[in-house]
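# Structural description and commentary
Residues per chain are reported as follows:
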Amino acid sequence: AEAARRELREVVRPLREPGYREALRRKLERARKRRLRLQRRKQEARAAKEEAAARAAEREAKIDQWRAKCIQEVEEKNRERELKAAADSVLSEVRKKQADTKRMVDILRALEKLRKLRKEAAGRKGVCPPPSADEAFENQVESLRTLLKNRTELYEAEERALRVMLEGEQEEERKREMEKKQKKEREKLLQQKLEIDSKLFGDPDEFPLAHLLQPFREYYLQAEHSVAALIQIRHGWDQYLVPADHPEGSCIPPGWVLPSLPTNDTWATAVR
């Protein structure tokens, strides 16, 4: 028992020393702060990791969207190229048929001329073919001439149809190019509007709807949602309408009047 008591005295002896409790409290406080600091670092690391993963996912989504758009544009161009090549091939075939038909007409005309020359040469020798032979030849030539005429008209109709189709494709291509250009212009104007709104009312991501600037935003944009407010604001502006060359005033600006840049550091910190 004495040995156990001495051992217990040695254990509790530091507790009776002055300042031990304060040192123990400081040690516990340091341990608590260290634990909180480690937890905060873990939370910050986890938040940074999640934010990096979100940015990577957003970047991947934008890349996939851009890749899909590029693939779609390439496919559209390939389809247009194939269609144009097919139309050109058909048009070339039609022109070849027209050239063959024209050559056959020239051959038929040459045959008529050759028979006439041979008939004249035979007549000078006293040989005259029977009238039935002339009639058969004329009928055959007329039949061939009618056939070639029908083919020529058919090929001309095919050529006109192909030309109309090609012109339609070209017109569609011009319309698509115009729509793309208009879309880019709209996106550019929208981006400019967002930049102006950001300068006037702050970044929407940084200043949510519940932010203290939201009442001011609603006040300055009330004319977009209320006809009565629009009439009232316009009436107030109309009271100060003056000509452009008036010495004591100026006309109403066509858009927002952007604030000037900060002129000192104090103002810059307030704007930030």
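Residues numbered from 1 in each chain as written. Predicted model: local features only at pLDDT ≥ 70, side-chain atom pairs only at ≥ 80, totals over all residues. Heavy atoms only, no water.

Per the UniProt record, "coiled-coil region" (unreviewed entry) is annotated on residues 21-69 and 167-195. Within residues 167-195, the helical portion is 100% and the strand portion 0%, while the C-alpha atoms at the span's ends are 42 Å from each other. (UniProt positions renumbered as here; feature names shortened; annotations may be inferred. Helix = DSSP H or I, 4+ residues; strand = E, 2+ residues; numbered from the N terminus.)

Under the definition given, this model contains 10 salt bridges. Two residues, E51 and R55, come together in a salt bridge whose shortest N-O distance is 3.0 Å. In this pair, E51 and R55 both sit in helix α2 (residues 20-124), four residues apart, roughly one turn of the helix. Judged by its relative accessible area of 47%, E51 falls in the partly exposed class. Across the pair R109 and D106 runs a salt bridge, and its minimum N-O distance is 3.1 Å. Taken together, the residues R109 and D106, both in helix α2 and three residues apart, mark about one turn of the helix. On the basis of relative accessible area, D106 is assigned to the partly exposed category, the value being 36%. Within the structure, one salt-bridge network assembled from shared partners comprises E112, E142 and R145. (Salt bridge = Lys/Arg side-chain N within 4 Å of Asp/Glu carboxyl O. Buried < 20%, exposed > 50% of the residue type's maximum accessible area, 1.4 Å probe, protein only.)

Take the layout of surface pockets next. Its volume calculated, the second largest pocket comes out at about 450 Å³. What lines the second largest pocket is a set of 14 residues, among which K69, E73, E76, K180 and K184 lie closest to the centre. Listing elements by their share of the lining of the second largest pocket, those giving two or more residues are α2 and α3 (131-201). By residue number, the principal contributor to the lining of the second largest pocket is α3, which donates eight residues. (1 Å grid on protein atoms, 1.4 Å probe; cavity = no way out; pocket = protein on both sides within 12 Å on 5 of 7 lines; lining within 4 Å. Points joined across faces, edges and corners; volume = space filled by probe spheres on them.)

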